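Chain residues, written in single-letter form:
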Amino acid sequence: MIEYRTLRNIEELNGLFRQESCHSMVSIVDLACAVPEAFDPIDFACYCVILMGSRVGDVIKDGKSLTYKGGTMFTVKPGEVLSLHLNPDAKPMGRMLAFRPEFIENTGLGRDFYMFNFFNYDVFEALELKEEERKVIRNCYDNIEAELRAENDELTNHMLRLGIGQLLSYCKRYYERQFDTKKLKSSELVRRLDAILDSYYAPGSELPRLNGVPTVAWCSSQFHLAPNYFGNLLRRDLHVSAQRYIQDKVVERAKMLLADPANTIDQVAERLGFAYSNHFSRLFRNRTGLSPSQFRQSLD
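Now for a look at the structure at hand. Note that the structure is a prediction, hence the values are computed from the model and not measured.

Calculation criteria
- Residues numbered from 1 in each chain as written.
- Predicted model: local features only at pLDDT ≥ 70, side-chain atom pairs only at ≥ 80, totals over all residues.
- Heavy atoms only, no water.
- Helix = DSSP H or I, 4+ residues; strand = E, 2+ residues; numbered from the N terminus.
- Rg over C-alpha atoms; globule rule 2.2 N^0.38 Å.
- Buried < 20%, exposed > 50% of the residue type's maximum accessible area, 1.4 Å probe, protein only.
- Contact = heavy atoms within 4.5 Å.
- Areas by Shrake-Rupley, 256 points an atom, 1.4 Å probe, with all protein chains shown as cover.
- Lys, Arg positive; Asp, Glu negative; His and termini not counted.
- Charge placed at Lys NZ, Arg CZ, Asp CG, Glu CD.
- 1 Å grid on protein atoms, 1.4 Å probe; cavity = no way out; pocket = protein on both sides within 12 Å on 5 of 7 lines; lining within 4 Å.
- Points joined across faces, edges and corners; volume = space filled by probe spheres on them.
- Nonpolar A, V, L, I, M, F, W, Y, C, P; charged D, E, K, R; others polar.
- Expected span 1.5 Å × (residues − 1).
- Polar contact = N/O pair within 3.5 Å; in protein donor to acceptor, adjacent residues only side chain to side chain.
- Pairing = 2+ DSSP bridges.
- Axes fitted to C-alpha atoms, helices over the stretch in contact; angles between N-to-C directions.
- Salt bridge = Lys/Arg side-chain N within 4 Å of Asp/Glu carboxyl O.

**Looking at the overall build of the protein**
Here comes step 1: Helix and strand content of the protein: 12 helices and 10 strands.
Here comes step 2: A compact globule built from 300 residues would reach a C-alpha radius of gyration of about 19 Å, whereas the protein, at 24 Å, exceeds it by more than 25%.
Here comes step 3: In terms of its C-alpha atoms, the protein occupies a principal-axis envelope of roughly 80 × 45 × 35 Å.
Here comes step 4: Going through the 300 residues of the protein one by one, you find that 45% of them count as buried.
Here comes step 5: Summarising the internal contacts of the protein: among those between residues at least 6 apart in sequence, 68% fall at separations of at least 24.
Here comes step 6: Carbon and sulfur atoms make up 49% of the accessible area of the protein, which totals about 15800 Å².
Here comes step 7: In the protein, which carries 38 positive and 40 negative side-chain charges, the distance between the mean positions of the two groups comes to 6 Å.

The following block contains the structure:
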């Protein structure tokens, strides 16, 4: 297990980047000012939005390497461990927004935070920005930093949350744009998923016995994608959740098995990977409106 450090507050974070603390819960740091220890494995205990100026080494997030280049943006949430293995003589360039989770609790930004689900994307889905998009993002950083350095008053926190919300909203927009560019690829993803599920239930396959009913997590792992990202791709292409799509494929397979009177309902449930036949019957009824036995009777 990798040893890592967890930061206790924004002051500790600012210390790693050699800058003064202008606010107790929000900071924007310049990666070029970092002390070497800033790139050791660290849980910043903050939501972080990082814009890399250039490729300077391997970025490791929760033990996985991030493929990135200059202009790549990625995010980190509290509890995730980030490190950077610098290339010899490389100087990191870029900026990082960090804000403590309690800064948005019981606020408008906190209530809307569910929209920014890119914080849950895995390391494979870094956001690649176009040049005009980088200009917009840099301007967002500048606005937040200007507010941090302005004289503190009763509107400071409100203005900071507005600035953070604007930055995250642009990130959301650009992630959506990135999804759009992959829409054709997501159609291929559906075809591959169908083939994977067919293979899962192929005669002689041990996967149902070993793994049970295929899950979103298992299916997404076959594409080396995070479950959340995998689900978004399917939803955009098919307008249904990944779980619903997979379960519908399981029910289709169940209908084929039930059509053979030699298979008992318990045997069908077992062949599909259900540990308990009543779980199979519940899913089947939810999807078809009929119990397995009623469906079988309807075939007569």
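**Looking at the layout of surface pockets**
Here comes step 1: The calculated volume of the second largest pocket comes to roughly 300 Å³.
Here comes step 2: What lines the second largest pocket is a set of 16 residues, and nearest its centre among them are Ala202, Ser205, Pro208, Arg271 and Leu272.
Here comes step 3: Going through the elements one at a time, helix H6 (207-211), helix H9 (242-258) and helix H10 (265-272) are the ones with two or more residues in the lining of the second largest pocket.
Here comes step 4: Of all the elements, H10 adds the most residues to the lining of the second largest pocket, at 3 residues.

**Some details on empty space enclosed by the protein**
Here comes step 1: What the rule picks out here adds up to 3 cavities of 30 Å³ or more.
Here comes step 2: Estimates place the volume of the largest cavity at around 140 Å³.
Here comes step 3: If you trace the largest cavity, you find 13 residues lining it, with Leu31, Phe39, Ile50, Leu82 and Leu84 closest to the centre.
Here comes step 4: Looking at the lining of the largest cavity element by element, the count peaks at 3 residues for strand E8 (residues 82-86).
Here comes step 5: Its residues assigned to classes, the lining of the largest cavity comprises 12 nonpolar, 1 polar and no charged.
Here comes step 6: Taken as a whole, the second largest cavity spans an internal volume of roughly 70 Å³.
Here comes step 7: For the second largest cavity, the full set of lining residues is Asn14, Gln19, Glu20, Cys22, His23, Val26, Ser27, Ile28, Glu145, Leu148 and Arg149.

**Some thoughts on unusual backbone geometry**
Here comes step 1: Positioned with a positive phi, asparagine 106 is a non-glycine residue whose angle comes to about 60°.
Here comes step 2: With respect to the secondary-structure elements, asparagine 106 resides in the loop between strand E9 (94-99) and helix H2 (108-111).

**Details of H9**
Here comes step 1: With 17 residues, H9 ought to run about 24 Å at 1.5 Å a step, and its terminal C-alpha atoms sit 24 Å apart, in line with that.
Here comes step 2: Among the residues making up H9, those that are buried are Ala242, Tyr245, Ile246, Lys249, Val250, Val251, Arg253, Ala254, Leu257 and Leu258.

**Focus: the side chain of threonine 72**
Here comes step 1: For threonine 72, the location among the structural elements is in strand E7 (residues 72-76).
Here comes step 2: At a separation of 2.9 Å, a polar atom in the side chain of threonine 72 contacts the main-chain carbonyl oxygen of lysine 69.
Here comes step 3: The residues touching threonine 72, leaving out its near neighbours within four places in the chain, are Ile50, Leu51, Met52, Ala126, Leu127 and Glu128.

**A few points about the sheet that holds strand E10 (residues 127-128)**
Here comes step 1: Read from one edge of the open sheet, 5 strands run E2-E9-E4-E7-E10, paired in antiparallel fashion. Of all strands in the sheet, those with a lone pairing partner are strand E2 (26-30) and E10, marking the two edges.
Here comes step 2: Looking at chain direction, E2 and E9 are connected through 5 bridges and run antiparallel. By the bridge assignment, aspartate 30 is partnered in E9 with arginine 95.
Here comes step 3: Contacting E2, strand E4 (47-52), E7, E9 and E10, helix H3 (residues 131-149) crosses the sheet at an angle of about 55° to E9.

**Some points on the environment of phenylalanine 44**
Here comes step 1: On the secondary structure map, phenylalanine 44 appears in the loop between strand E3 (42-43) and E4.
Here comes step 2: The exposure class of phenylalanine 44 is buried, given its relative accessible area of 4%.
Here comes step 3: When the C-alpha atoms of phenylalanine 44 and leucine 272 are compared, they prove to be 43 Å apart, with 228 residues separating the residues in sequence.
Here comes step 4: Other than its neighbours up to four places away in sequence, phenylalanine 44 contacts Leu7, Leu13, Phe17, Ala38, Glu80, Leu82 and Met96.

**Some remarks on the pattern of salt bridges**
A side chain of one charge can pair with a side chain of the opposite charge when the charged atoms of the two come close.
Here comes step 1: Applying the stated criterion to the full structure yields 19 salt bridges.
Here comes step 2: Note that arginine 100 and glutamate 102 form a salt bridge whose closest N and O atoms lie 3.1 Å from each other.
Here comes step 3: Here arginine 100 falls in the buried class, since its relative accessible area comes to 14%.
Here comes step 4: Residue classification places glutamate 102 among the partly exposed positions, given a relative accessible area of 31%.
Here comes step 5: What you see here is one network of salt bridges that share partners, running through Glu20, Arg95, Asp142, Glu145 and Arg149.

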